[in-house]
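Residue strings, one per chain:
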4 protein chains.
Amino acid sequence: MRALRKLRPEAGFVLEEVPIPEIGPTDVLIHVEKAGVCGTDQHIYSWDKWAQARVKPPLVIGHEFMGTVAAVGSAVRSVAAGERVSAEGHIADLTCVLCRTGQAHICERVEIIGVDRDGAFADYIAMPEYNVWKLDPAIPDEFAAIFDPLGNAVHTVMAAGVSTKSVVITGVGSIGLMAIPVARAAGAASVYAIDVNPAKLELAKRLGADETFDARTPGLVDEIKRRTNGDGVDVLLEMSGSGSAIDSGLQMVRNGGTAALLGIPSDSININLAERIIFKGLTVLGINGRKMFETWYQTQALVKSGRVDLRPIITHVLPFEQFDRAFELMRSGEAAKIVLDLKGDIAS
Amino acid sequence: MRALRKLRPEAGFVLEEVPIPEIGPTDVLIHVEKAGVCGTDQHIYSWDKWAQARVKPPLVIGHEFMGTVAAVGSAVRSVAAGERVSAEGHIADLTCVLCRTGQAHICERVEIIGVDRDGAFADYIAMPEYNVWKLDPAIPDEFAAIFDPLGNAVHTVMAAGVSTKSVVITGVGSIGLMAIPVARAAGAASVYAIDVNPAKLELAKRLGADETFDARTPGLVDEIKRRTNGDGVDVLLEMSGSGSAIDSGLQMVRNGGTAALLGIPSDSININLAERIIFKGLTVLGINGRKMFETWYQTQALVKSGRVDLRPIITHVLPFEQFDRAFELMRSGEAAKIVLDLKGDIAS
Amino acid sequence: MRALRKLRPEAGFVLEEVPIPEIGPTDVLIHVEKAGVCGTDQHIYSWDKWAQARVKPPLVIGHEFMGTVAAVGSAVRSVAAGERVSAEGHIADLTCVLCRTGQAHICERVEIIGVDRDGAFADYIAMPEYNVWKLDPAIPDEFAAIFDPLGNAVHTVMAAGVSTKSVVITGVGSIGLMAIPVARAAGAASVYAIDVNPAKLELAKRLGADETFDARTPGLVDEIKRRTNGDGVDVLLEMSGSGSAIDSGLQMVRNGGTAALLGIPSDSININLAERIIFKGLTVLGINGRKMFETWYQTQALVKSGRVDLRPIITHVLPFEQFDRAFELMRSGEAAKIVLDLKGDIAS
Amino acid sequence: MRALRKLRPEAGFVLEEVPIPEIGPTDVLIHVEKAGVCGTDQHIYSWDKWAQARVKPPLVIGHEFMGTVAAVGSAVRSVAAGERVSAEGHIADLTCVLCRTGQAHICERVEIIGVDRDGAFADYIAMPEYNVWKLDPAIPDEFAAIFDPLGNAVHTVMAAGVSTKSVVITGVGSIGLMAIPVARAAGAASVYAIDVNPAKLELAKRLGADETFDARTPGLVDEIKRRTNGDGVDVLLEMSGSGSAIDSGLQMVRNGGTAALLGIPSDSININLAERIIFKGLTVLGINGRKMFETWYQTQALVKSGRVDLRPIITHVLPFEQFDRAFELMRSGEAAKIVLDLKGDIAS
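For clarity, every value in this text was computed on a predicted model and none was experimentally measured.

Focus on the overall build of chain A
Looking only at helices and strands, chain A features 11 helices and 19 strands. The principal-axis extents of the C-alpha atoms in chain A amount to approximately 60 × 40 × 40 Å. Burial statistics for chain A: of 348 residues in total, 61% are counted as buried. Sequence-distant contacts, at least 24 apart, represent 69% of the contacts inside chain A between residues at least 6 apart. A total of about 12300 Å² of accessible surface is found on chain A, and carbon and sulfur atoms cover 48% of it.

Okay, structure coming up:
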């Protein structure tokens, strides 16, 4: 089968033929049809510091995908060949206290496909039955292919709790953009989006943000407070990982409000804990992955309700072979979300 | 001033001249402009068993209203003459453990205006400063006049938690009808409305219900389950007070779901607690009044967001003098919500 | 191996030799050492209406136990032969929305060992790996054998939330008795126990109840209110299943309080929902089984902390062969909790 | 009356005669009997950077106290002369969204007695009726005098939720010490205390800590993990304000755990948000003051239950005149908690 692999500790990927993965008794073999390209893939492609520390080549990349079940192991009961599926890419040990109490998404021994073990940019991927998610017929393929990042947005929004609340989103990369219709559909009364990229802010507006702001606007904290009766917003969804966005975002939240942190700062940052968190009585939530499978059910409900339309975000659907172009579009900032089509151009 | 009063223990009200109420140092005198007519008023008008047991004539009726502050007591700081206001009609003692821990709405010594003390169907009403709610300029008068029942709907919806959830509403009288746009705006993924009145079900559809059902449909529990993957809905909002609606509503909820009970059964009812609640692991919430003032802030946020439009529910706005017609419209089931206009026809 | 079986649809059990159960790739074979006798076993023994409707002979009885792993299936990873274990007796399908969102204990397709499939009153039992609970060395065998009912008590207490709260327990059968030290260790500020059996009430006192009351005491609701500043208790733990206990228990709870229902009424009961639940703004929780495995971790933490001592409750440890005497002791009300010892008297 | 005042912007306090404060219609005049000395008072005494920035002399110091109502304003209804009281020292505006939704403790316009307005180190203090807390006869005077810092401990413990959980407390100054019996009484399964002061750690042990550790112990994070099955504790109660304690404390918390921050860092600190909070899925809670009055009821319940004994913490009860000795004992670290007795030595 074809697989897009990081072969050596250097920039770039190689598309080559490799054997179809074998499956054990509790595994499911999935024929990949569509796969989303993530910023994480970009990090591995360009072989940055984080990738060098984490990734061990050779490795098949990719963790966002949907496809059709090709075969199942002898002990698999919940899914059958021919069924249309996506899958949770965090493979947890399922035996620790976290896995046994509904927190498998933060299992200490979690392995991520396409990062720690072979991933989804290939014609086939083997997944544990536990991780497979059967797709509702009402979910379009392109949306199903990006349930992973959409799930990040849903997890963040639902952990913060936005029903009837005012919300600031700092950072509207693809997950931040998804968080806009998700927050609105989940009940947010108002959504303000902040970024430095005018094209992304324009897109944020189209996706339902009430107002958008350039992060470098002087007096932006006060601007936000003015729109919220001087109090500040109820909820911050931090999706940039930028130290200055975190600092100003925390200032925008009202006393007693909630800040959900999804964006990953690349280094330690300096925080005035007393002024930003303690005196204000804030609740700060670290968000990682997606709850298995509460987030997946919520994501499905939101998409099926018709209130989360991802089409404006999926700026490109490219044939698998054009992966280099995909990474170039990502690098240039031209694309919001790119989906690779693995099925359209092969004789399957 | 004019006041609509229950004068004697018998059916009917009398509109007559009475002195303007006096206010103490912590009270606010409000010039009433618009007032909503509630089923409770109808009970007192027709002098049914409940009214006979609870109401002590003579009494000014009415508890849903908005108006303008006419005067304030010497110790009042938070509101001033000329300001546009509504008010919470549950007057709590503010000294008990419930009032001191954010649960004043269920204070054991609560008094309700228009039921236990003089109410709002009058040119002026005196209210404690604590109960007065300053109106945002963006809230239209008619909506402001019915923040009390709208608050019941919001309290029920927010207590249950509907974000990304499937919801059944049993009973679409005026509060049940309001609960439909409220639930949608608060994030419900789907809303099913059930009643026996075809006109109300028609209105429910216009207000955003995904589907509506006659409560007498055979196999209705199974119908609802079919729409929710065989599991049942996540949330029941019970707004009928009917024993059979409660019983079938509880059957429609999935295991582990939530039932919020607002409708008041007139008698004890028979429940199979084991099958309906215990084995299913349900959470059942008794809902009373509105949280002071969390519900009011939520209600304001929902209306200001433009996502809760009550206009289809307010079927009639009548001059104050036509109160008898209002109660006749209520009795006949012709009206959903009636608002009395006290200002339009007086020389103030 | 020996197994205690319901052979025919009639009263009594038969201890006889049967083959050791076979295990599949994901199963664990456990050598049973100690097993608790439950009221449910008593229902099956006496072959009452409930048992006749639910149980299909022949069947090995028993669902509370501990023992040692004798063998594991080929795909089992988390447990090995020789390890000391107990197990969750609710076998869920692990594929439905409830199982996939942390609510396997209320899976609609749950099967209970000793009720719906062969149970633990036998030298060996086969359990799915998912259900096996590895025992901490600090947990004594007798306590480990009754983690199932202890878990019911812990689930009820933790769902209600008792930290700094006042608590009434209605019904101090063995689970109600366990709930007393559990509630105290979990932070209850005061615990009142109510029953009709003086011996059980005496035991309740020894286990840490602040006060105990005969359920038939006139004016008992007022007695409880007097002890809680006239307000009523914060939390009701209903463990009797009696209609009158439920009604008076709900009256004892303060407005805004919580009632957790574990006791199973044998029939429908009559409730004044308006007065008991709705006007009071109560939260009523149906409790079933134990959360997998949050309850088990909580139970372990409580027992390890040394603050939950079950020794006064385990009134008898009997050799397996004396099962008839066990059921006679249960029937007569002489015993609180009986543990059968399967290991002490066999050549294993 | 006597009052201990900061007269000028310099170190030290002056005890002098000043007029008894006047009260308005909604105020209560309290005859102070006993008052606790807090680290905040010490900051004001020594006139450090924080005090210079915040405090405007002249000012009566002191915010922890109990006494007897001497007089009430004309509109006061809930308390009467002669009643024994303490009071919440955070005076909120009671009109903002926070005050109106149960979060008055983090009102943006809060004024603190003894810091922003005249305080409790005086024979009399005037307090708004809203802030007065009637004392249960079962609460000893010395405990009542320090309900303010005890309330900080209770607020932190209850916000984190410790029932059946493992807990680390970093920093056992007087509030950290109080948090030990509070956490145990509230249901913590295990409590580990960390500090650099051996005398305080010794006291921590006496107050019920399972184990105590010097914060400078090499490998301390691993030590704590070893005691919690390698996972880390469920809950961190941070009461030191030290950057290194916060950093190592966060490392000690298991994935998915909770960190409640009460200690106030004097400067910004550097945090690796990705590793300490985001990837771990932590919940971080900023804690300020006490919830009005949920925390007060919880505190009362804990003390009345007899499970929170503060006597080992109150190392000194001194006559009011010996205030200089009190601050010297504070400065030297000899004292844990000092209570000043204003009544014992005056002709009242």
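Observations concerning the packing of helix α4 (residues 147-160) of chain D against helix α5 (residues 174-185) of chain D
All names here are of chain D. Across the interface, α4 lies against α5 with an axial gap of 8 Å and an inter-helix angle of 55°. Classified by the angle their axes make, α4 and α5 are oblique. As for how α4 packs across α5, the hand of that crossing is right-handed. Contacts between α4 and α5 involve Pro149, Leu150, Asn152, Ala153, Val154 and Val157 from the first element and Ile175, Met178, Ala179, Val182 and Ala183 from the second. Taken together, the residues that form the contact of α4 with α5 break down as 10 nonpolar, 1 polar and no charged.

Structural notes on the packing of aromatic side chains
Under the criterion given, the structure shown has 40 aromatic pairs over all chains. The interplanar angle of 75° and the centroid separation of 5.2 Å between the aromatic rings of phenylalanine 13 of chain C and phenylalanine 327 of chain C together place this pair among those described as edge-to-face. Here phenylalanine 327 of chain C lies in helix α11 (residues 323-332) and phenylalanine 13 of chain C lies in the loop between β1 (2-6) and β2 (14-17), a separation of 314 residues in the sequence. Summarising the burial analysis for this pair, phenylalanine 13 of chain C and phenylalanine 327 of chain C share the class buried. Residues tyrosine 192 of chain C and phenylalanine 213 of chain C carry aromatic rings whose centres are separated by 6.4 Å and whose planes lie at 55° to one another, so their mutual orientation is tilted. Highlighted residues: tyrosine 192 of chain C in strand β12 (residues 190-195) and phenylalanine 213 of chain C in strand β13 (residues 211-214), separated in sequence by 21 residues. Both residues of the pair, tyrosine 192 of chain C and phenylalanine 213 of chain C, count as buried. Cluster of aromatic residues (ring-pair linked, three or more members): Tyr130, Trp133, Phe147, Phe293, Trp296 and Tyr297 of chain A.

Focus on the sheet that holds strand β1 (residues 2-6) of chain A
Residue and element names in this part refer to chain A. Strand order in this open sheet of 3 strands is β2-β1-β4, and the pairing throughout is antiparallel. Of all the strands in the sheet, the pair left with one neighbour each is β2 (14-17) and β4 (59-60). The pairing of β1 with β4 spans 2 bridges and is classified as antiparallel. What sits directly across from arginine 5, in β4, is valine 60.

Overview of the side chain of threonine 295 of chain C
Residue and element names in this part refer to chain C. Inspection of the secondary structure assignment puts threonine 295 in helix α10 (residues 294-304). You can call threonine 295 buried: its relative accessible area is 2%. Contacts of threonine 295, omitting those with residues within four sequence positions, involve Gly151, Val154, His155 and Arg290.

What about the sheet that holds strand β14 (residues 233-238) of chain A?
Strand pairing in a sheet takes place through backbone hydrogen bonds and is either antiparallel or parallel in direction. Judged by pairing direction, the sheet is mixed, and its 12 strands sit side by side in the order β13(A)-β12(A)-β11(A)-β14(A)-β15(A)-β17(A)-β17(D)-β15(D)-β14(D)-β11(D)-β12(D)-β13(D) without closing on themselves. Every other strand in the sheet has two partners, leaving β13 (211-214) of chain A together with β13 (211-214) of chain D as the edge strands with one partner each. Averaged over all pairs of adjacent strands, the angle between strand axes in this sheet comes to 15°, irrespective of strand direction. Relative to the sheet, helix α5 (residues 174-185) of chain A contacts β11 (166-170), β12 (190-195) and β14 of chain A, its axis offset from that of β12 of chain A by approximately 175°. Sitting on the sheet, helix α6 (residues 198-206) of chain D is in contact with β12 (190-195) and β13 of chain D, with an inclination near 170° to β13 of chain D.

Topic: the interface of chain C and chain A
The interface of chain C with chain A comprises 14 residues on the first partner and 15 residues on the second. Summed over both partners, the interface of chain C with chain A buries about 1300 Å², with 55% contributed by carbon and sulfur atoms. Counting across the chain C and chain A interface gives 0 salt bridges. Counting the contacts that link chain C with chain A gives 8 residue pairs in polar contact (both at pLDDT 80 or more). Broken down by class, the residue content of the side of chain C that touches chain A amounts to 7 nonpolar, 3 polar and 4 charged.

Focus: the interface of chain D and chain A
In this complex, chain D contributes 36 residues to the contact, which on the side of chain A involves 36 residues. Of all residues in chain D, Asn255, Leu273 and Ile278 of chain D give up the largest surface area on contact with chain A, accounting jointly for 19% of the area buried on that side. Where chain D meets chain A, there are 0 salt bridges. Only β15 (253-261), β16 (269-271), α9 (273-278) and β17 (283-286) of chain D provide two or more residues apiece to the side of chain D that touches chain A. Across 3 bridges, strand β17 (residues 283-286) of chain A lies against β17 of chain D in antiparallel orientation. Looking across to β17 of chain D, one finds that leucine 285 of chain A is bridged to threonine 283 of chain D.

Side note on the relation of the copies chain C and chain A
Expressed as a screw transformation, the operator carrying chain C onto chain A has a rotation angle of 180° and an axial translation of 0.0 Å, and the superposed copies differ by an RMSD of 0.0 Å. The transformation relating the two chain copies, once decomposed into turn and shift, fits a two-fold axis. By C-alpha distance to the rotation axis, the residue of chain C lying nearest is glycine 102 of chain C, at 2.7 Å. The fraction of interface residues of chain C whose copies in chain A are also interface residues reaches 100%, indicating that both copies meet through the same surface.

Some words on the relation of the copies chain D and chain A
Aligned on chain A, chain D shows an RMSD of 0.0 Å; the corresponding rotation is 180° and the shift along the axis is 0.0 Å. A share of 100% of the interface residues of chain D reappears at the interface of chain A, consistent with the copies meeting face to face through the same patch.

Focus: the pairing of strand β5 (residues 64-72) of chain C
Residues and elements named next belong to chain C. Taken together, the 8 bridges between strand β3 (residues 27-37) and β5 define a ladder with antiparallel strand orientation. Paired with isoleucine 30 across the bridge in β5 is valine 69. Of the strand pairs in this sheet, β5 and strand β6 (residues 84-87) are connected by 3 bridges, and their pairing is antiparallel. Looking at β6, one finds that threonine 68 is bridged to arginine 84.

Remarks on unusual backbone geometry
Residue phenylalanine 293 of chain A is bonded to the preceding methionine 292 of chain A through a cis peptide linkage, with omega at 0°. Relative to the helices and strands, phenylalanine 293 of chain A is located in the loop between β17 and α10 (294-304). Here the amide bond leading from proline 57 of chain C into proline 58 of chain C is cis, since omega sits at -5°, within 30 degrees of zero. Examined against the element boundaries, proline 58 of chain C turns out to sit in the loop between α2 (49-54) and β4 (59-60). Backbone geometry places threonine 164 of chain A, a non-glycine residue, at a positive phi of 70°. Here threonine 164 of chain A lies in the loop between α4 (147-160) and β11.

A word on the pattern of salt bridges
Opposite charge on two side chains allows them to pair when their charged atoms are near. Evaluated as defined, the whole model comprises 97 salt bridges over all chains. Where lysine 343 of chain A meets glutamate 33 of chain A, a salt bridge forms, and the shortest distance between an N and an O atom there is 4.0 Å. Of the two residues, lysine 343 of chain A is situated in the segment after β19 (337-341) and glutamate 33 of chain A in strand β3 (residues 27-37); the sequence distance between them amounts to 310 residues. By relative accessible area, lysine 343 of chain A is classed as partly exposed at 39%. For aspartate 141 of chain D, the salt bridge goes to arginine 84 of chain D, with nearest N and O atoms at 2.8 Å.

Describing helix α8 (residues 243-252) of chain B
For α8 of chain B, the complete set of buried residues consists of Ala245, Ile246, Gly249, Leu250 and Met252 of chain B. Viewed end-on, α8 of chain B has its buried residues packed into an arc of 150°, placing them on one side of the element.

Regarding the pairing of β11 of chain A
All names here are of chain A. With 5 of its 5 residues buried, β11 lies for the most part within the structure. When β11 meets β12, the two strands line up parallel, connected through 5 bridges. Pairing of isoleucine 169 across the sheet is with alanine 193, part of β12. Tracing the backbone out of β11, into α5 and back to the parallel element β12 gives a crossover that is right-handed. Pairing of β11 with β14, which is carried by 4 bridges, proceeds in the parallel orientation. Bridge pairing links valine 168 to leucine 236 in β14.

Conventions used here
Residues numbered from 1 in each chain as written. Chains lettered and ligands numbered in written order. Predicted model: local features only at pLDDT ≥ 70, side-chain atom pairs only at ≥ 80, totals over all residues. Heavy atoms only, no water. Helix = DSSP H or I, 4+ residues; strand = E, 2+ residues; numbered from the N terminus. Buried < 20%, exposed > 50% of the residue type's maximum accessible area, 1.4 Å probe, protein only. Contact = heavy atoms within 4.5 Å. Areas by Shrake-Rupley, 256 points an atom, 1.4 Å probe, with all protein chains shown as cover. Axes fitted to C-alpha atoms, helices over the stretch in contact; angles between N-to-C directions. Parallel < 35°, antiparallel > 145°, perpendicular 65-115°, else oblique. Left-handed = near helix turned anticlockwise from the far one by under 90°. Nonpolar A, V, L, I, M, F, W, Y, C, P; charged D, E, K, R; others polar. Phe/Tyr/Trp six-rings, centres within 6.5 Å; stacked < 30°, edge-to-face > 60°. Pairing = 2+ DSSP bridges. Buried area = accessible area lost by both parts, 1.4 Å probe. Salt bridge = Lys/Arg side-chain N within 4 Å of Asp/Glu carboxyl O. Polar contact = N/O pair within 3.5 Å; in protein donor to acceptor, adjacent residues only side chain to side chain. Least-squares fit on C-alpha atoms with pLDDT ≥ 70 in both. Arc of directions from axis to C-beta. Right-handed = clockwise from strand over helix to strand, strands pointing away.

None of the figures reported here should be taken as evidence of function without further support.
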